[in-house]
Amino acid sequence: MEKSQSHVVIFPFPLQGHIKPLLCLAELLCHAGLHVTFVNTRHNHNRLANLRALSAHFPTLHFESILDGLPDDHPRTLGSELLIALKTSIKPHFKELLQSSLKANGVALPPPTCIITDGLVTFAFDVAEELGLPILSFDVGCAPYMWTCLCLPNLIEQGQLPFPDDDMNAEITGVPGMEGLLRRVDLPGFCRVKQSSHPALQFAIHETQTQKRASALILDTIYELDAQCLSHMATMFPKIYTLGPLHSLLHSQIGDISRLLASHGGLGKGDPNCMTWLDSQPTKSVLYVSFGTLVTLTRTQIIEFWYGLVNSGHPFLWVVQSDITSGLGENPIPIELEIGTKERGCIVNWVSQEEVLVHKSLGGFLTHNGWNSTVESIVAGVPMICWPYLGDQHITSRSVCEKWKIGLRLKENCDRKDIETMIRMLMEFKRGEIQSSMDTISKVACDSVAKGGSSNHNLEMLIQDIRNMPT
Ligand code: UDX
């Protein structure tokens, strides 16, 4: 490994789904000999799993943390308070950190060569420009979502936004490369406004357009799977590096050790009992259920999903981050759910998801289509039931169900019968057909990280380009 004076400062948006892929990237850069300072908010830094193992394995990976200014007991979910904290509290701390002489174990590090920031951390673009540092933008979602957001001004100009009538299934035609895929209902919540001047829509447009100030865009995307959108996006950025699936690229580069670090980047602690439970289940029999880290279910939704799972007759592993009974209020858990869960269910707060998805007993994944979960499912070759909830998830579910045909879409307002039917469809009637498409897509993803594959090649280019930046 060639020693380098290049020093990359990475700052993820302070949420789980953003920290994990950027930490994968940090490890890959360190594996190539670059110095990386990975900056988290103090709150997230203290929850990050396997820090010691990571530091021991990657001697050029350094961690820094900054205060977000929010009270200790703040939930820190995606919302206006977190966004305000970014600009008012985190921004000045981040700038100060970059201006200080960064050290590791008391030894001064080379001055920062460039910043890689999450595309949602738009203040970092101002900081980079003020300090004269190159900045590369990392977008955690699927490429078609970012491309759609970049096209929002065109949609407004064409009169497609705000929606001219109430037909939510009408096709959106002004996003080149997305023909036949995009409907009004797939656009994120901030598009459902009456006026184009609405602050939420204007904020989203501003934040996406800001990313065009980056000297390059990095995506956790597989080029071959989204080539059409990417060719259009290439006209807006000096360079695009598609490196997806990043977790798989990391595994391919660092080999066996990645198993040791399997829960790296996680802000929770995997429940070991669920792995023992999975070991006891027949091959490809289990439906894994997780809606990521931002979705909150209502009491009705919990009950409907629970009945759907139990009534399907298939074993299930369900990750519910909050105490599942808290959504139930005063009401006791219906006895048939208790019995059904005891017989063939396992409910936990957190799992090491990458490990779960590659377990031989896994047969399907009921997911919200967060981009990390989606690519992890693709790499593991596990077909999906899609129940998208917010942001990029609806557009991702369109690619999964309509373009790649590796999943089935569950309707938004589903009840226990819909859920049961969908599980049976995935695990029984449509199994062969969907698994066969999944095997094809999964191979494309795995080939892209292998030697000579597009993501592998793009990583080499990125490392070379960083090394060539003035230090
Ligand atoms: C958020 C957004 O919701 C999503 O739409 C966007 O694409 C990324 O950021 P999140 O909701 O957390 O992400 O979902 P997801 O993208 O799937 O990321 C969750 C990550 O946490 C995954 O890498 C998953 O492996 C990990 N995880 C989650 C665990 O390891 N264990 C768990 O129990 C739950």
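As the structure is a prediction and not an experimental result, all values here were calculated from the model.

Colleague: Go over the domain arrangement of the protein chain, please, and point to the residues and values.
Modeller: Taken domain by domain, the protein chain holds domain 1 (7–144 + 197–264 + 449–468) and domain 2 (272–447). A straight line from the C-alpha centre of domain 1 to that of domain 2 covers 28 Å. On the side of domain 2, 23 residues touch domain 1, which itself brings 24 residues to the contact. Among the secondary structure elements, those contributing two or more residues to the side of domain 1 that touches domain 2 are α1 (16–31) and α10 (246–254). Here the side of domain 1 that touches domain 2 takes 4 residues from α1, the largest share from any one element.

Colleague: Please give an account of helix α16 (residues 371–380) that cites residues and values.
Modeller: Most of α16 is tucked away, with 10 of its 10 residues classed as buried. Along α16, the residues that are buried comprise W371, N372, S373, T374, V375, E376, S377, I378, V379 and A380. Backbone geometry just downstream of α16 places G381 in the positive-phi region, at approximately 70 degrees.

Colleague: Tell me about the sheet that holds strand β11 (residues 316–319), residues and numbers included.
Modeller: Strand order in the open sheet formed by 6 strands is β12-β11-β10-β13-β14-β15, and the pairing between neighbours is parallel. Both edges of this open sheet fall to β12 (345–348) and β15 (407–409), since each of them pairs with a single strand only. Sheet twist, expressed as the mean angle between neighbouring strand axes with direction ignored, is 15 degrees. With respect to the sheet, α16 is in contact with β10 (286–290), β13 (362–367) and β14 (384–386), its orientation differing from that of β13 by roughly 165 degrees.

Colleague: Any details on the site of the ligand? Residues and values, ideally.
Modeller: Near the ligand, the surroundings consist of 26 residues, among which G17, G292, Q353, G370 and S373 are the closest. Listing elements by their share of the shell around the ligand, those giving two or more residues are α1, α15 (353–357) and α16. Each of domain 1 (7–144 + 197–264 + 449–468) and domain 2 (272–447) contributes no fewer than three residues to the shell around the ligand.

Colleague: If you had to explain the sheet that holds strand β9 (residues 240–242) to someone new, which residues and values would you point to?
Modeller: Sheet strands pair by backbone hydrogen bonding; their relative direction is either parallel or antiparallel. With respect to topology, 7 strands assemble into an open sheet ordered β3-β2-β1-β6-β7-β8-β9, the strand pairing being parallel. Looking at the sheet topology across the chains shown, the edges are occupied by β3 (61–66) and β9. On average, each strand axis in the sheet is tilted by 20 degrees relative to the strand beside it, whichever way the strands run. Where strand β1 (residues 7–11) and strand β2 (residues 35–41) come together, 4 bridges link them in parallel fashion. From the neighbouring strand, V8 faces β2, where its bridge partner is V36. In the packing of helix α4 (residues 80–99) onto the sheet, the strands contacted are β1, β2 and β3, and the crossing angle to β3 comes to about 140 degrees.

Colleague: I'd like to hear about the packing of helix α13 (residues 299–312) against helix α14 (residues 335–344), residue by residue, with values.
Modeller: Closest axis-to-axis distance for the α13/α14 pair is 9 Å, and the angle between their directions is 50 degrees. Here α14 runs oblique to α13, going by the angle between their axes. In the packing of α13 onto α14, the handedness of the crossing is left-handed. For the pair α13 and α14, the contacting residues are W306, Y307 and V310 in the first and E336, L337, G340 and T341 in the second. Partitioned by chemical class, the residues of the contact of α13 with α14 number 4 nonpolar, 2 polar and 1 charged.

Colleague: Would you mind going over the nonpolar core in detail, with residue names and values included?
Modeller: Ranked by internal contacts, the top residues of the largest apolar core, which has 128 residues, are I10, A26, L29, L317 and I385. Per element, the largest residue contribution to this core is 9 residues, and it comes from α1. Two domains each donate at least three residues to this core, and these are domain 1 (7–144 + 197–264 + 449–468) and domain 2 (272–447).

Colleague: Summarise unusual backbone geometry; cite the residues concerned and give the values.
Modeller: Cis peptide bonds are those with omega within 30 degrees of zero, and the linkage from L161 to P162 qualifies with -15 degrees. One non-glycine residue, K284, adopts positive backbone phi at about 50 degrees. Along the chain, the position of K284 falls in the loop between α12 (272–279) and β10. We classify K284 as partly exposed; it has 16 C-beta atoms within 10 Å. Notably, K405 is not glycine yet its phi reads approximately 55 degrees, a positive angle. As for its placement among the helices and strands, K405 is situated in the loop between α17 (393–403) and β15.

Cut-offs used in this document
- Residues numbered from 1 in each chain as written.
- Predicted model: local features only at pLDDT ≥ 70, side-chain atom pairs only at ≥ 80, totals over all residues.
- Domains from an automatic or database assignment.
- Contact = placed C-beta atoms within 7 Å.
- Helix = DSSP H or I, 4+ residues; strand = E, 2+ residues; numbered from the N terminus.
- Buried ≥ 20, exposed ≤ 12 C-beta atoms within 10 Å, placed from the backbone.
- Pairing = 2+ DSSP bridges.
- Axes fitted to C-alpha atoms, helices over the stretch in contact; angles between N-to-C directions.
- Near = placed C-beta within 6 Å.
- Parallel < 35°, antiparallel > 145°, perpendicular 65-115°, else oblique.
- Left-handed = near helix turned anticlockwise from the far one by under 90°.
- Nonpolar A, V, L, I, M, F, W, Y, C, P; charged D, E, K, R; others polar.
- Core = buried A, V, L, I, M, F, W, Y, C linked by C-beta atoms within 7 Å.

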